[in-house]
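As a plain string of letters, each chain reads:
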Amino acid sequence: MKSSTFLSPDAIRASFSSAMSSMYRTEVPAYGTLLSLVAEVNVKTLADKPELAQRLEQTDTLDRISEERHGAIRVGTPAELAMLRRVFAVMGMYPVGYYDLSEAGVPVHSTAFRPVGDAALKINPFRVFTSLLRLDLIEDAALREEARKTLEARQIFTSKAIELVEKAEVDGGLDVTDAASFVEEILQTFRWHDQASVSNDLYRRLHDAHRLIADVVSFRGPHINHLTPRTLDIDAVQTLMPAHGISPKAVIEGPPTRECPILLRQTSFKALEETVSFINSEGNWEKGSHTARFGEIEQRGIALTPKGRALYDRLLTKSREIVRPAADGSNAQAYIAALDDAFKDFPDDWETIRSEKLGYFRYTPVATTAVQGRDLEELIREGAVQFDPIVYEDFLPVSAAGIFQSNLGDTNVQKFAASPSQQEFETHLGAPVLDEFEHYANLETTSIEACLQRLRTLALAS
Ligand code: OOG
Ligand code: NI
C-alpha cells in the first residue's frame with residue numbers, strides 16, 4: 001500500500017481524542033458540565049484580555065482552545081503496558097518521562113504517551129498519562145497472587161484492535177477506513193464496565209490493601225479515569241465549580257498564580273461514587289459501588305531547566321513543610337498563602353527567568369541585521385531576535401500524586417518506601433522513555449541555530 005493513502009498519525013490521534021471526549025461525556029455527565037464551564041471561562045478570559053487572545057491566535061487554534069489536553073488510565077500488567085505503547089505509536093504518541101508515585105503513597109509508576117514535535121502538538125496535543133500497577137508493593141503474598149492471576153486472565157484489547165496495530169506496523173500506517181475502525185476498537189479498551197470481574201469479597205480485600213489496586217484489578221479493562229481540558233483561568237474555574245454543582249479538590253496543584261506561568265497547574269472535581277455489581281458467594285449479581293472517575297483541568301506555563309526545576313521543587317517542598325494541604329480544604333487558604341510566600345524566590349519576569357537559565361525559550365528572528373561577529377545576547381538587545389517561553393508539555397509527580405490522592409478518598413494516605421524503578425518500567429514498556437529535559441534543551445538549541453542561520457541568510461540577501 002502506498003503511504004500517500006495513509007491517514008496521518010496526528011489525524012488518527014485527533015479522531016481518537018474526540019471519540020474519547022464524547023464517550024466520557026456520555027459516561028460521566030458531570031464531566032460535560034465541567035467542559036461547558038471551562039469553555040465559558042475561556043470565552044470570558046479571551047474577551048477580558050485581548051492581548052492574550054491575539055497571542056493565542058498566532059500560536060494556537062482558538063476555536064479548539066477548550067478541547068481535551070490529556071486523559072489518564074491505569075494498567076495492570078507489563079504486557080498491557082507494552083501493547084499500549086504499540087497502540088499509541090499508531091497515533092503518533094510516544095512515552096515521555098518517568099514518574100514514580102510510590103513515594104507519594106500510590107503503588108504505580110507512570111509515563112505519558114504524547115505527541116513530541118511542535119507540529120504534532122499543534123495539530124492535536126492529546127496525551128495519555130499511563131500508570132502501571134506495582135503488585136510488588138502489595139504486602140500480602142496471597143492477595144498479590146490472586147490479583148496477578150485475575151489480571152493475567154483478562155484481555156483488554158479486542159482482537160480486531162490487535163490486528164489493526166499489527167497491520168499499521170507492517171504497512172507503516174492505516175488508511176482512512178482502517179483508521180476509523182482502529183479508533184472504534186481502541187475506544188472499547190477504555191470503556192467503563194459496571195460489572196466487576198471479581199467477587200465482592202475479593203474486591204473488598206483489594207480495596208483494603210489499596211483503593212487503587214481494587215480499581216485496576218477488579219474490571220475487564222482500564223477505564224479512562226479522567227479527561228482534562230485546557231483552561232485559560234484555572235483559579236476562576238476552581239472557584240466556579242461549586243456553583244455548577246461539582247465539588248473541586250481542596251487546592252490547585254503546582255505553582256501559585258503568577259505573572260509568568262511556569263510548568264503546570266491542575267485541579268479536578270472529586271471522583272464520583274458509581275454503582276457497579278459484583279458476583280456474590282451464591283453466584284448472583286449484587287449491587288455495590290466504586291469510586292474512580294473524575295474530571296480535571298490544566299493550565300500550562302514555561303518548561304523549566306533542571307536548575308529551574310530544582311528551584312521549583314525546593315520552594316514547593318518548603319511551602320508544604322509549612323502547611324500540608326488537607327483533603328477537606330480546611331487549611332486551603334493557609335496553604336495558598338505559604339505557597340505564594342515561598343514562590344517569591346522564583347523570578348517572575350521572562351528576562352530574569354531567561355538570564356538565570358531557569359526556563360527554556362524559543363528564539364525567532366524579527367529583523368534583518370548584520371549578524372557577523374555578534375552573539376545571541378547582542379541580537380536580542382538590539383531587538384533583532386525575540387524569545388518566547390517553550391510550553392511545558394509533561395507532568396509533575398507531586399501534582400499527579402495530589403490528583404490521585406484526592407480521588408482515592410480523603411482518608412488513609414498509605415506509605416510505601418520510595419522505590420523508583422525506571423529501568424524495570426522501561427523493560428516492561430519495551431522501550432526507553434524520552435528524557436523531557438533533553439527534549440526541551442534540544443528544542444531551544446535548534447531554535448537558536450535556525451534563528452542565527454535565518455539572520456545570516458537574510459543579511460547576505462540584503
Ligand atoms: C493519574 C493522575 C495523574 C495528572 O494530570 O497529573 C494525572 C490517575 O489518576 O490515574 O493525570
Ligand atoms: Ni490528569
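For the structure, see preceding data.
What this report covers is the structure whose coordinates are included nearby. (Residues numbered from 1 in each chain as written. Chains lettered and ligands numbered in written order. Predicted model: local features only at pLDDT ≥ 70, side-chain atom pairs only at ≥ 80, totals over all residues. Heavy atoms only, no water.)

1. Structural notes on the site of ligand 1
Argument step 1. Lining the immediate surroundings of ligand 1 are 13 residues, of which H70, R74, H226, Q266 and E296 lie closest.
Argument step 2. The side chain of H70 places a nitrogen or oxygen atom 3.0 Å from an oxygen atom of ligand 1.
Argument step 3. Between ligand 1 and E296, the relevant distance is 3.0 Å, taken from an oxygen atom to a side-chain nitrogen or oxygen of the residue.
Argument step 4. Elements with a contribution of two residues or more to the shell around ligand 1: β2 (68–75) and α16 (397–406).
Argument step 5. The class makeup of the residues in the shell around ligand 1 is seven nonpolar, four polar and two charged. (Near = heavy atom within 4 Å. Polar contact = N/O pair within 3.5 Å; in protein donor to acceptor, adjacent residues only side chain to side chain. Helix = DSSP H or I, 4+ residues; strand = E, 2+ residues; numbered from the N terminus. Nonpolar A, V, L, I, M, F, W, Y, C, P; charged D, E, K, R; others polar.)

2. Some words on the coordination of the nickel ion (ligand 2)
Argument step 1. The coordination sphere of the nickel ion (ligand 2), as far as protein atoms go, consists of H70 (NE2), H226 (NE2) and E296 (OE), spread over 2.1 Å.
Argument step 2. Positions of the donor residues of the nickel ion (ligand 2), expressed as sequence spacing, correspond to H-x155-H-x69-E. Of this pair, H226 sits in strand β8 (residues 226–229) while E296 is found in strand β12 (residues 295–300), placing the two residues 70 residues apart along the sequence.
Argument step 3. With relative accessibility at 5%, the residue H226 sits in the buried group. (Donors = N, O, S within 2.8 Å, 3.2 Å for Na, K, Ca; no water. Buried < 20%, exposed > 50% of the residue type's maximum accessible area, 1.4 Å probe, protein only.)

3. Side note on the sheet that holds β8
Argument step 1. As summarised here, the arrangement of the five strands in space is β3-β4-β5-β2-β8, forming an open sheet in which the pairing is mixed. Either end of the sheet is taken by a strand with one partner, and the two such strands are β3 (94–100) and β8. In this sheet, adjacent strand axes meet at a mean angle of 20° when their direction is disregarded.
Argument step 2. By the bridge criterion, six bridges tie β2 to strand β5 (residues 127–133) in an arrangement that is parallel. Within β5, the residue paired with V75 across the bridge is L132. (Pairing = 2+ DSSP bridges. Axes fitted to C-alpha atoms, helices over the stretch in contact; angles between N-to-C directions.)

4. Quick notes on the pairing of β12
Look at any regular strand and the pattern is simple: side chains alternate between the two faces of the sheet.
Argument step 1. In terms of burial, β12 is largely enclosed, as five of its six residues are buried.
Argument step 2. Across six bridges, strand β9 (residues 264–269) lies against β12 in antiparallel orientation. Paired with S268 across the strands is E296, a residue of β12.

5. Concerning unusual backbone geometry
Argument step 1. With a phi angle near 50°, L263 is a residue other than glycine that sits in the positive phi range.
Argument step 2. With respect to the secondary-structure elements, L263 resides in the loop between α11 (234–240) and β9.
Argument step 3. In the Ramachandran plot, K357 falls in the positive-phi region, its phi being about 55° despite a non-glycine side chain.
Argument step 4. By the element assignment, K357 lies in the loop between α14 (350–355) and β13 (361–365).

6. Focus: the pairing of strand β11 (residues 285–291)
Argument step 1. The pairing of strand β10 (residues 273–279) with β11 spans seven bridges and is antiparallel. Across the sheet, E274 pairs through a bridge with H290, a residue of β11.
Argument step 2. Once β10 ends, the chain turns through five residues before running back antiparallel as β11, passing G283 with a positive phi of about 85°.

7. What to know about the pattern of salt bridges
Argument step 1. Here the structure, examined in full by the defined rule, presents 30 salt bridges.
Argument step 2. Notably, a salt bridge pairs D100 with R134, separated by 3.8 Å at the nearest N-O pair. Of the two residues, D100 sits in strand β3 while R134 sits in the loop between β5 and α6 (141–152), which places them 34 residues apart along the sequence. The same class applies to D100 and to R134, which are both buried.
Argument step 3. The salt bridge involving D201 is made with R204; its shortest N-O contact spans 3.1 Å. Here D201 and its partner R204 are both found in helix α9 (residues 200–209), three residues apart, which amounts to about one turn of the helix. (Salt bridge = Lys/Arg side-chain N within 4 Å of Asp/Glu carboxyl O.)

8. With respect to the packing of aromatic side chains
Argument step 1. Inspection of every chain in the model, using the stated rule, returns 16 aromatic pairs.
Argument step 2. Between W350 and F361, the aromatic rings sit 6.2 Å apart at their centres with planes inclined by 85°, giving edge-to-face as the arrangement. Of this pair, W350 sits in helix α14 while F361 sits in strand β13, and the two are 11 residues apart along the sequence.
Argument step 3. Taken together, the ring pairs connect W350, F361, Y363 and F387 into an aromatic cluster. (Phe/Tyr/Trp six-rings, centres within 6.5 Å; stacked < 30°, edge-to-face > 60°.)

9. Here we look at the sheet that holds β10
Argument step 1. The three strands are arranged β7-β10-β11 in an open sheet whose pairing can be described as mixed. Edge positions in the open sheet fall to β7 (195–199) and β11, since each of these has one partner strand only. Across the sheet, the axes of successive neighbouring strands diverge by a mean angle of 45°, strand direction being ignored.
Argument step 2. Of the strands in this sheet, β7, β10 and β11 are in contact with α9, which crosses β7 at around 85°. (Contact = heavy atoms within 4.5 Å.)

10. Comments concerning the packing of helix α2 (residues 29–48) against helix α3 (residues 50–59)
Argument step 1. The contact between α2 and α3 brings their axes to 5 Å, and the two run at 110°. Taken together, the axes of α2 and α3 lie roughly perpendicular to each other. Contacts from T45, L46, A47 and D48 of α2 reach α3 at P50, L52, A53 and L56.
Argument step 2. Considering only residue class, the contact of α2 with α3 consists of six nonpolar, one polar and one charged. (Parallel < 35°, antiparallel > 145°, perpendicular 65-115°, else oblique.)

11. Here we look at the packing of helix α1 (residues 9–27) against α2
Argument step 1. Orientation of α1 relative to α2, taken along the N-to-C sense of each, is 120°, at an axis distance of 5 Å. Accordingly, the angle class assigned to the pair α1 and α2 is oblique. Contacts between α1 and α2 involve S21, Y24, R25, T26 and E27 on the former and, on the latter, P29, Y31, G32 and L35.
Argument step 2. By residue class, the composition of the contact of α1 with α2 is four nonpolar, three polar and two charged.

12. Concerning the side chain of T267
Argument step 1. Residue position: T267 is located in strand β9.
Argument step 2. We classify T267 as buried; its relative accessible area is 0%.
Argument step 3. At a separation of 2.7 Å, a polar atom in the side chain of T267 contacts the side chain of Q238.
Argument step 4. Ignoring anything within four residues of it in the chain, the contact list for T267 reads I234, Q238, M241, K249, V251, I252, G295, E296, I297 and I403.

These results come straight from atomic positions and should not be treated as a statement about function.
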